[in-house]
Amino acid sequence: MSKSKVDQVAGDKIVPVGPILIAAASSNEATIIGVDFALRKMDRMHKDAIAARSKKHPLDASVQAFMLGAGGKVVAESGFLFYGQPHYAGGVAELLPVGPLSRFHSTIRLRLGAMPAEVQRIALVSSVHDTKHHHVGMFGVMTTYVCKGDLEPVGINIYREFNRGHGAVVLGEFTRVDGNWQFVSDGETVEGGLRELCGRYGVRLEEDEAKA
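Going along each chain's sequence as written, the residues are numbered from 1 onward. Selection of residues for local features in this predicted model requires a pLDDT of at least 70, selection of side-chain atom pairs for listing and counting requires 80 or more, and totals for whole chains, interfaces and linings are taken over all residues. To get the side-chain values, take all heavy atoms of the structure and skip hydrogens and water.

## Description of the nonpolar core
Side chains of nonpolar character tend, in soluble globular proteins, to be buried together. Where we set the bar: Working definition of a nonpolar core: buried Ala, Val, Leu, Ile, Met, Phe, Trp, Tyr and Cys residues. They are joined through side-chain atoms within 4.5 Å. Burial classes: relative accessible area under 20% of the type maximum marks a residue as buried, over 50% as exposed, and values in between as partly exposed (1.4 Å probe, protein chains only). Helix numbers and strand numbers start at the N terminus; a helix is a DSSP run of H or I with at least 4 residues, a strand a run of E with at least 2. By the convention used here, residues are in contact when the closest approach between their heavy atoms is within 4.5 Å.
M67, I108, L110, M115, I122, M142 and F174 are the most contacted members of the largest nonpolar core, which totals 37 residues. With four residues, strand β6 (residues 61-68) is the single largest residue contributor to this core. In this view, M67 contacts K73, V74, V75, G79, L81, Y88, A93, M115, V119, R121 and I122; residues no more than four positions away in its chain are not counted. By size, the runner-up hydrophobic cluster in this structure holds 16 residues, among which are V190, C198, Y201 and V203.

Next comes the structure, spelled out in structure tokens:
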């Protein structure tokens, strides 16, 4: 298992990495998770930094989420949230459209108070689009902003020093704990990318989805 380095920020200070309390399980307030990416700084001697800026194969990544039961597998096929399936359970979890007015590169909105009881954990991951030419090591930094409905961050995690050759990173998990939801950062990089994560979490990934 390979881990990236994770820094956790509260206010304007770096604090010890630990669980971020989100909300009571009965809360009706939406939780917004924004994810941003930054490329490696240019280095003429570093081929990855140059390849990341290729006009022919531009580097990009997406965010996915897996709604997991107690056994660590998705509760249903609909429990895999990605660009082709952006809503779960009538909108209690949804990927928001990316556009010029979006504050983040990728955004997920969760209504944790309305989450079906069978969902015990939600794994948040990010994977590169083009695993033939890219890997997460081409990013200098990934950042997750866990926010209340008004976009006020309750926790920020900064990930860096990704493993070269790996196609995805597990950003962290939302978990039910004693009647509350909390987010715990992870940072594990996954060599097999999204395909490997789908296998881990019990999702059958169609060939055209895997290529996309």
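## Some details on the sheet that holds strand β2 (residues 5-10)
Note the cut-off: At least two DSSP bridges between two strands are needed for those strands to be called paired.
As summarised here, the arrangement of the eight strands in space is β3-β2-β13-β12-β5-β10-β9-β8, forming an open sheet in which the pairing is antiparallel. The sheet terminates laterally at β3 (13-15) and β8 (87-88), the two strands that pair on one side only. Bridge analysis of strand β9 (residues 93-96) against strand β10 (residues 106-110) gives four bridges, and the strand direction is antiparallel. Directly across from E94, in β10, lies its bridge partner R109.

## Describing the packing of aromatic side chains
We count it as follows: Pairs were defined over the aromatic rings of Phe, Tyr and Trp, the Trp ring being its six-membered one, requiring ring centres within 6.5 Å. Orientation was assigned from the angle between planes: stacked under 30 degrees, edge-to-face over 60, tilted for the rest.
According to the stated counting rule, one finds seven aromatic pairs in the structure shown. With a centroid separation of 4.6 Å and 10 degrees between ring planes, the pair formed by F80 and F82 is classed as stacked. A residue is classified by how much of its surface remains accessible, and F80, at 2% relative accessible area, is buried. You can call F82 buried: its relative accessible area is 9%. A connected cluster of aromatic rings, assembled from ring pairs, spans F66, F80, F82, Y83 and Y201.

## Examining the pattern of salt bridges
Selection rule: The salt bridge criterion pairs a side-chain nitrogen of Lys or Arg with a carboxyl oxygen of Asp or Glu, the two atoms within 4 Å.
Evaluation of the coordinates by the stated rule reveals five salt bridges. The partner of R160 in a salt bridge is D7, with the nearest N and O atoms 2.5 Å apart. Of the two residues, R160 sits in strand β13 (residues 153-160) while D7 sits in strand β2, which places them 153 residues apart along the sequence. Here R160 falls in the partly exposed class, since its relative accessible area comes to 26%. Relative accessible area serves as the criterion here: at 15%, D7 is assigned to the buried category. For R200, the salt bridge identified is with E188, shortest N-O distance 2.9 Å. Taken as a pair, R200 in helix α2 (residues 193-201) and E188 in strand β15 (residues 180-190) lie far apart in primary sequence, 12 residues in all. Judged by its relative accessible area of 9%, E188 is buried.

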